[in-house]
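Per-entry structural report
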Amino acid sequence: MLGKNGTTVSGEAMNKLSPSTTRAEHSAGRKNMMLLIQLRWIAVIGQITTIAIVTLGFGIQLQLPYMLQVLACLIAFNIASHLRWHERSTVSNNELFLALLVDVASLTLQLYFSGGITNPFAFVYLLQVILSAVLLEAWSTWIIVAITSACLVGLAAHANPLILPHDHSLRFFSFYVQGILICFVLNAVLLTAFITRIRRNFHAGDVELAALRQRAAEEEHIVRMGLLASGAAHELGTPLATVSVILGDWRRMPVVAANADLQQDIAEMEAQLQRCKSIVSGILLSAGEARGESSAQTTIVTFLDDLAAAWRASRPINIFLYENRIKHDLAVVFDSTLKQTIFNLLDNALEASPQWLRLTASSNEDTLIIEVSDAGPGFLPEILANLGTPYQSTKNRVGGGLGLFLVMNVARTLGGTVTARNREEGGAVVQLSLPLAAIMFEEEERDVG
């Protein structure tokens, strides 16, 4: 299946996406339900105002006891709805449908006790029909249309007509004409205001769905890269082992053993070969193989100190500043994937700034914060705006821009975040924030609890 920007999303990724997609749709439904609750309060205030004006101001007789009972039930239902949907986060189409049915029933009863179809406010049914067309699925909308039509027919057949003065010759000053005009303006204003807000809710839901689809595509991309890297690592294992054997044979040859320069070259080659083997092992561990050796219990300070020393020893850089500002050391379990993630941050910074680099580690109550600063050209605005998008890079080479993409996906898996900014004095800062709960050793977690 094609995802956003033409990326391919597998069935497995879409299966993972489906629950999140449903939650996003239901989240928009909850916002729309809260709008219906607000609209119902407006209806309550409008009914109270209209009843007071008609009975006290114009002396028109209404069946007040019954109308007030319906009004009390509508108020009770709206209070219950507010309490229910204030706590719940999702609303389905059926629940919106039932809420609109209650509104239709309430309007029908009020019209029945106040003149039926001769009441100019009978056209408020159009408000319910249009809202259902915007909020509900097609089948639900057609049911609302059928029910409102049946209600109008029933009101025309059974409700007592509203007794109004015979003032049609007054045109605009006729009570009925004024009621029609007020009903039209009320419908127009409410529909404009609420449909605008409903469209905004749907747009926010579409944005969330697009982000979820993009995330599914990225995770699928990560899976494919992991499989490719794992396969390549397996294939590299045999030639690396062969080269290691050959170097060992060369070292024992008399002509090489007698030449100090050749011995030094072979030692350097063996060191680089060992580094290649470590990289291959790291790829296999990150891909999920040999999992029993991929995690190790240590402390935050020890892990970061060893990591900084290992990176510094294997990279050519003039100035590398390492600051560990963590005051309270904690027992943690670090996975090799996290180590490789920090290495990726440092390697990216090294390419931009081969002369100067700084790694800073700190923590607050519940978060580990790692900052990598460089003195390079900094990030372009479009890269900062799309941070972590694959193939967004200033290095102008095929496959560039994957470093931060991988870092952000690992951080997201651990519940963390990655942010970036440019330094005022030049260069850039990338900050990795991870919740301590994601890496804390279980016994330490129990002690803290």
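Up top is the structure.
Residues numbered from 1 in each chain as written. Predicted model: local features only at pLDDT ≥ 70, side-chain atom pairs only at ≥ 80, totals over all residues. Heavy atoms only, no water.

**A short note on the pattern of salt bridges**
What counts is decided by this rule: Each salt bridge in this description consists of a side-chain nitrogen of Lys or Arg and a carboxyl oxygen of Asp or Glu lying within 4 Å of one another. Helix numbering and strand numbering both begin at the N terminus, where a helix is a DSSP run of H or I of at least 4 residues and a strand a DSSP run of E of at least 2. Here's how the labels work: a residue is buried when its accessible area is under 20% of the maximum for its type, exposed when over 50%, partly exposed in between, all with a 1.4 Å probe on protein chains only.
Applying the stated criterion across every chain yields a total of 7 salt bridges. Arginine 315 is the partner of aspartate 347 in a salt bridge, and the nearest nitrogen-oxygen pair spans 3.0 Å. Pair noted here: aspartate 347 is in helix α10 (residues 336-352) and arginine 315 is in the loop between α9 (300-314) and β2 (319-324), with a separation of 32 residues, a long-range link. With a closest N to O distance of 2.6 Å, glutamate 425 and arginine 423 form a salt bridge. We classify glutamate 425 as exposed; its relative accessible area is 60%. Accessibility expressed as a relative area gives 16% for arginine 423, which makes it buried.

**Observations regarding the sheet that holds strand β6 (residues 417-422)**
Inclusion rule: Strand pairing is defined by DSSP finding a minimum of two bridges between the two strands. All axes are obtained by fitting lines to C-alpha atoms, using only the stretch in contact for helices, and the reported angles, taken between N-to-C directions, cover 0 to 180 degrees. Residue contacts follow a heavy-atom distance rule, with two residues in contact if any of their heavy atoms lie within 4.5 Å.
One open sheet accounts for 5 strands, arranged β2-β4-β5-β7-β6; its pairing is mixed. If you trace the sheet from one side to the other, it starts and ends with β2 and β6, each paired once. Going from strand to strand, the sheet's axes swing by 15 degrees on average, the running direction of each strand aside. Pairing of β6 with strand β7 (residues 428-435), which is carried by 6 bridges, proceeds in the antiparallel orientation. Its bridge partner being in β7, threonine 419 is matched across the sheet by glutamine 431. Across the sheet, α9 lies against β2, β4 (356-363) and β5 (367-374), angled at about 180 degrees from β2, the strand it touches most.

**Here we look at a nonpolar patch on the surface**
Note the following rule: Within this analysis, patches are made of residues with over 30% relative accessible area and no salt bridge. Like charges are joined at 9 Å or less; nonpolar side chains (Val, Leu, Ile, Met, Phe, Trp, Tyr) at 5 Å or less. Areas reported here follow the Shrake-Rupley algorithm with a probe of radius 1.4 Å; residue values treat only the protein chains shown as occluding.
On the surface, Ile246, Trp250, Met253, Val255 and Met269 cluster together to form a nonpolar patch covering roughly 460 Å² of accessible area. Tracing the sequence through the fold places valine 255 in helix α7 (residues 254-257).

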